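Chain by chain, the residues:
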Amino acid sequence: MAKKKILFINQEISPYVPDTTMSVFGREIPRALQERNHEIRTFMPKWGNINERRGQLHEVIRLSGMNLIINDTDHPLIIKVASIPTARVQVYFIDNDDFFTKRQMAVDENGEGYADNGERAIFFARGVLETVKKLRWVPDMILCQGWMSSVVPFYIKTAYQDEPSFANTKVVTALYNNKLKKDFGPEFKQCLEFREAKQELLTDYKDLFDYEDLEKLAIDYSDGIAVMEKGVSKTSVKYAKSKGLPVLDMPGDDFGDAYEAFFDQIKPDDPE
């Protein structure tokens with residue numbers, strides 16, 4: 001397989017958050033593909049439970065300072081960076097005082113889901129894509145892991161389809177057993193609207209977007225699906241297969257080789 005540029009958009013990465021199947025894969029898949037000489041960039045949210053001093057995070061001034069407008073409100077975008085010494089992987093963090101710095105992950109201290117989780121996912125997705133543009137880096141593949149990245153495929157195939165950075169990019173969504181119990185509220189579709197990402201494209205989804213709709217949205221705009229652990233929605237997997245999408249099922253210990261082959265299936269190397 002020829003060298004590819006691979007963008008990882010992760011909800012969780014160990015050791016910055018506790019170990020889960022997703023956070024460990026969030027670290028290990030980029031490491032494995034980087035060791036196979038692929039060029040990678042890795043992003044995650046700067047959750048409020050991340051210890052910046054221990055993780056040695058620092059702000060990247062040249063990438064920070066942009067404002068993203070969501071639901072008619074300006075939200076400053078802050079970019080931080082750190083490296084995982086054991087994996088030799090650099091991680092970019094998407095930060096914002098309202099959405100991340102002062103918050104936990106999906107739920108608050110009382111175990112209640114945040115009412116604006118939908119807006120948080122939108123801010124994260126757009127923050128990553130705008131930062132990649134600033135880096136002047138053109139990924140061949142994007143791997144989205146976790147509900148926080150689920151709107152990325154929709155944006156790539158609509159709002160960013162004509163951007164030089166993403167015009168030829170293929171997107172894979174990795175499915176995990178990481179469900180949200182709370183819907184995203186009545187304004188989510190309106191908040192999601194951006195450039196060519198119009199509300200009229202969302203008529204097939206419930207007005208009160210929930211986790212099932214979010215997975216369906218990700219599948220509808222992805223070029224491939226990876227099933228990463230037991231307990232993943234059988235309905236979502238069946239839906240992906242019904243659309244004729246390639247499915248990588250439980251790649252196991254040889255996930256580096258499995259992902260290389262899967263990416264090559266979705267985006268074959270250009271003929272010389």
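Everything below is about the structure printed above this text.
These notes cover the structure that comes with them. Note that the structure is a prediction, hence the values are computed from the model and not measured.

Calculation notes
In this convention, every chain numbers its residues from 1, walking through the sequence in written order. Reporting of local features is limited, given that this is a predicted model, to residues whose pLDDT is at least 70; pairs of side-chain atoms are given and counted only at 80 or more, and all residues count toward the totals for whole chains, interfaces and linings. To get the side-chain values, all heavy atoms of the structure are used, and hydrogens and water are removed first. Counting from the N terminus, the helices are the DSSP runs of H or I reaching at least four residues and the strands are the DSSP runs of E reaching at least two. Throughout, radius of gyration means the C-alpha value; the globule benchmark is 2.2 Å times the number of residues raised to the power 0.38. Relative accessible area decides the class of each residue, using a 1.4 Å probe on protein chains only: under 20% of the type maximum gives buried, over 50% gives exposed, and in between gives partly exposed. Per-residue and other accessible areas follow the Shrake-Rupley method at a 1.4 Å probe size, with only the shown protein chains counted as cover for residues. A residue counts as positive if it is Lys or Arg and as negative if it is Asp or Glu; His and the chain ends are not included. Positions of charges follow a simple convention, taking NZ of Lys, CZ of Arg, CG of Asp or CD of Glu. A helix's residues, less one, multiplied by 1.5 Å, set its expected span. At least two DSSP bridges between two strands are required for those strands to pair. The term salt bridge refers to a pairing of a side-chain nitrogen on Lys or Arg with a carboxyl oxygen on Asp or Glu at a separation within 4 Å. In this analysis, the protein atoms alone were mapped onto a 1 Å grid. Cavities are point sets where a 1.4 Å probe fits without being able to get out; pockets are open sets with protein on both sides within 12 Å along at least five of seven lines; lining residues have an atom within 4 Å of a point. Grid points are joined across faces, edges and corners, and a volume is the space filled by probe spheres set on the points. In this count, Pro and Cys sit with the nonpolar residues alongside Ala, Val, Leu, Ile, Met, Phe, Trp and Tyr, while Asp, Glu, Lys and Arg are called charged and the others, Gly among them, polar. Note on definitions: a residue-residue contact is assigned when non-hydrogen atoms from the two residues lie within 4.5 Å. What counts as a ring pair is set by centres within 6.5 Å for rings of Phe, Tyr and Trp (its six-membered ring), and what kind of pair is set by the plane angle: stacked under 30 degrees, edge-to-face over 60, tilted for all other angles. The rule for a charge over a ring is simple: NZ of Lys or CZ of Arg within 6 Å of the ring centre, and within 35 degrees of the ring normal.

Moving on, we get to the overall build of the chain. Helices and strands together make up the secondary structure of the chain, namely nine helices and 11 strands. For a compact globule of 272 residues, the expected C-alpha radius of gyration is about 19 Å, and the chain comes in at 17 Å, within 12% of that figure. Counting only C-alpha atoms, the chain reaches 45 × 45 × 35 Å along its principal axes. Burial analysis of the chain (272 residues in total) assigns 57% to the buried set. Working note: accessible area of the chain is about 12,400 Å², and carbon and sulfur atoms make up 45% of it. Between the mean site of the 36 positive side-chain charges and the mean site of the 44 negative ones, the chain shows a separation of 3 Å.

All right, on to helix H4 (residues 117-135) then. In this model H4 runs 27 Å from its N-terminal to its C-terminal C-alpha over 19 residues, within 8% of the 27 Å that 1.5 Å per residue would give. Along H4, 17 of the 19 residues are buried, which leaves the element largely enclosed by surrounding structure.

Right, let's talk about the pairing of strand E5 (residues 73-76) for a bit. Each regular strand carries side chains that alternate between the two faces of the sheet. Sheet topology note: the strand E4 (residues 67-70)/E5 ladder contains four bridges and is antiparallel. The residue of E5 that forms the bridge with isoleucine 69 is aspartate 74. Linking E4 to E5, which pair antiparallel, is a turn of two residues; within it asparagine 71 sits at a positive phi near 55°.

Considering all chains together, one arrives at 18 salt bridges under this definition. In this structure, the salt-bridge partner of glutamate 130 is arginine 195, at a minimum N-O distance of 3.9 Å. A residue pair is termed long-range when its members are at least 10 positions apart, and glutamate 130 in helix H4 and arginine 195 in the loop between helix H6 (188-192) and helix H7 (211-220) qualify at 65 residues. For arginine 195, a relative accessible area of 34% corresponds to the partly exposed category. Residues glutamate 163 and lysine 133 are paired through a salt bridge, measuring 3.1 Å at the closest nitrogen-oxygen approach. Highlighted residues: glutamate 163 in the loop between helix H5 (152-157) and strand E9 (170-175) and lysine 133 in helix H4, separated in sequence by 30 residues. On the basis of relative accessible area, glutamate 163 is assigned to the buried category, the value being 16%. Three or more residues joined by partner-sharing salt bridges are found here, namely Arg27, Glu28, Arg31 and Glu35.

A few words now on empty space enclosed by the protein. Taken as a whole and assessed by the stated rule, the structure comprises one cavity of 30 Å³ or more. Its volume calculated, the largest cavity comes out at about 70 Å³. In terms of lining residues, the largest cavity is bounded by Gly146, Trp147, Ser150, Thr173, Ala174, Leu175, Tyr176, Tyr211, Glu215 and Ala218. Of all the elements in the fold, those that place two or more residues in the lining of the largest cavity are E9 and H7. By residue class, the composition of the lining of the largest cavity is six nonpolar, three polar and one charged.

In this fold, histidine 75 is placed in strand E5. Apart from the residues within four sequence positions on either side, histidine 75 is in contact with Met66, Asn67, Leu68, Ile70, Asn96, Phe99 and Phe123.

Moving on to the packing of aromatic side chains. Applying the stated criterion across every chain, the model contains 18 aromatic pairs. With a centroid separation of 4.9 Å and an interplanar angle of 50°, the aromatic rings of phenylalanine 188 and phenylalanine 209 are classed as tilted. On the criterion of sequence distance, the pair formed by phenylalanine 188 in helix H6 and phenylalanine 209 in the loop between H6 and H7 is long-range, its members being 21 residues apart. Each of the two residues, phenylalanine 188 as well as phenylalanine 209, counts as buried. Connected via pairs of aromatic rings, a cluster forms that spans Phe154, Tyr155, Tyr160, Phe166, Phe194 and Tyr221. Of note, arginine 126 hangs over the ring of phenylalanine 194, and the distance from its end group to the ring centre comes to 3.8 Å. Across from the ring centre of tyrosine 160, 5.0 Å away, lies the NZ or CZ of arginine 195, which sits over that ring.

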